[in-house]
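Chain residues, written in single-letter form:
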Amino acid sequence: MDNMLDMRKRMDDGTYDLTLEIGDNTYFTFYESITTDSAKDVVRNYLYDNDDDADYKNVKIDYNKNRHIVTINAKLDYLNGEHKDYKYRGSM
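Counting starts from 1 at the beginning of each chain's written sequence and moves along it residue by residue. It should be noted that, the model being predicted, local features are given only for residues of pLDDT at least 70 and side-chain atom pairs only at 80 or more, the latter also being counted only at that level, while totals for whole chains, interfaces and linings use all residues. Each side-chain value is derived from all of the structure's non-hydrogen atoms; neither hydrogens nor water enter the calculation.

Lay out the packing of aromatic side chains with the relevant residues and their values.
Whether two aromatic rings pair depends on their centres lying within 6.5 Å, for rings of Phe, Tyr and Trp, where Trp uses its six-membered ring; planes under 30 degrees apart make the pair stacked, over 60 edge-to-face, and the rest tilted. Counted under the stated rule, the structure contains 4 aromatic pairs. Consider the rings of Y16 and Y78, whose centres lie 5.8 Å apart with planes at 90 degrees: the pair is edge-to-face. Here Y16 is found in strand β2 (residues 16-23), whereas its partner Y78 is found in the segment after β4 (69-77), with 62 residues between them in sequence. Aromatic pair Y27 and F28: ring centres 5.1 Å apart, planes at 90 degrees, arrangement edge-to-face. By relative accessible area, Y27 is classed as buried at 0%. An aromatic cluster is present here, built from Y27, F28, Y31 and Y63 joined pairwise through their rings. By definition, any uninterrupted DSSP run of H or I lasting at least four residues is a helix, any uninterrupted run of E lasting at least two residues is a strand, and each is numbered from the N terminus. Note on exposure labels: buried denotes an accessible area under 20% of the residue type's maximum, exposed denotes more than 50%, and partly exposed covers the range between, all computed with a 1.4 Å probe on protein chains only.

Right, dumping it as structure tokens:
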């Protein structure tokens, strides 16, 4: 997905906070509404496209209509450097 800004912050417990900011025109080209399921799909695709082996959880989405930005936040975890198959990642 184009028109996306990604930011990561390393936490003291070794996890990372991931923030993805996407222009609303770009977001709504792919998704019809602001839902947690679509946010999880964006995170899953972002990790896959970047060959990132993190597990993700606590996915949240917010839409700022005034700024025309969709913001997705997630917690990323890299336990023991263990690589997993993407099709099972993030299942709760």
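What follows picks up the thread again.
Run through the pairing of strand β3 (residues 55-64), naming residues and quoting values.
When β3 meets β4, the two strands line up antiparallel, connected through 8 bridges. Within β4, the residue paired with D55 across the bridge is D77. Adjacent in sequence and paired antiparallel, β3 and β4 are bridged by 4 residues, among which H68 carries a positive phi angle near 60 degrees. At least two DSSP bridges between two strands are needed for those strands to be called paired.

Could you give an account of the environment of Y56, naming the residues involved and the relevant values?
One can find Y56 in strand β3. Each C-alpha atom of the pair Y56 and V43 lies 8.0 Å from the other, and the pair is 13 residues apart in sequence. Within 3.5 Å is the distance limit for a polar contact, defined as a pair of N or O atoms, with the added protein rule that one can donate a hydrogen and the other accept it, and that residues adjacent in sequence qualify only through two side-chain atoms. At 2.6 Å, the side chain of Y56 and the side chain of R44 are in polar contact.

Lay out the pattern of salt bridges with the relevant residues and their values.
Salt bridges are defined by distance alone: a side-chain nitrogen of Lys or Arg within 4 Å of a carboxyl oxygen of Asp or Glu. A full pass over the atoms with the stated rule returns 3 salt bridges. The shortest N-O distance in the salt bridge between R8 and D52 comes to 2.5 Å. One end of the pair, R8, is in strand β1 (residues 4-10); the other, D52, is in the loop between α2 (36-49) and β3, and 44 residues separate them in sequence. With relative accessibility at 36%, the residue R8 sits in the partly exposed group. Measuring nitrogen to oxygen at the nearest pair gives 3.8 Å for the salt bridge that ties D41 to R44. Within this pair, D41 and its partner R44 are both found in helix α2, separated by 3 residues, close to a single helical turn.

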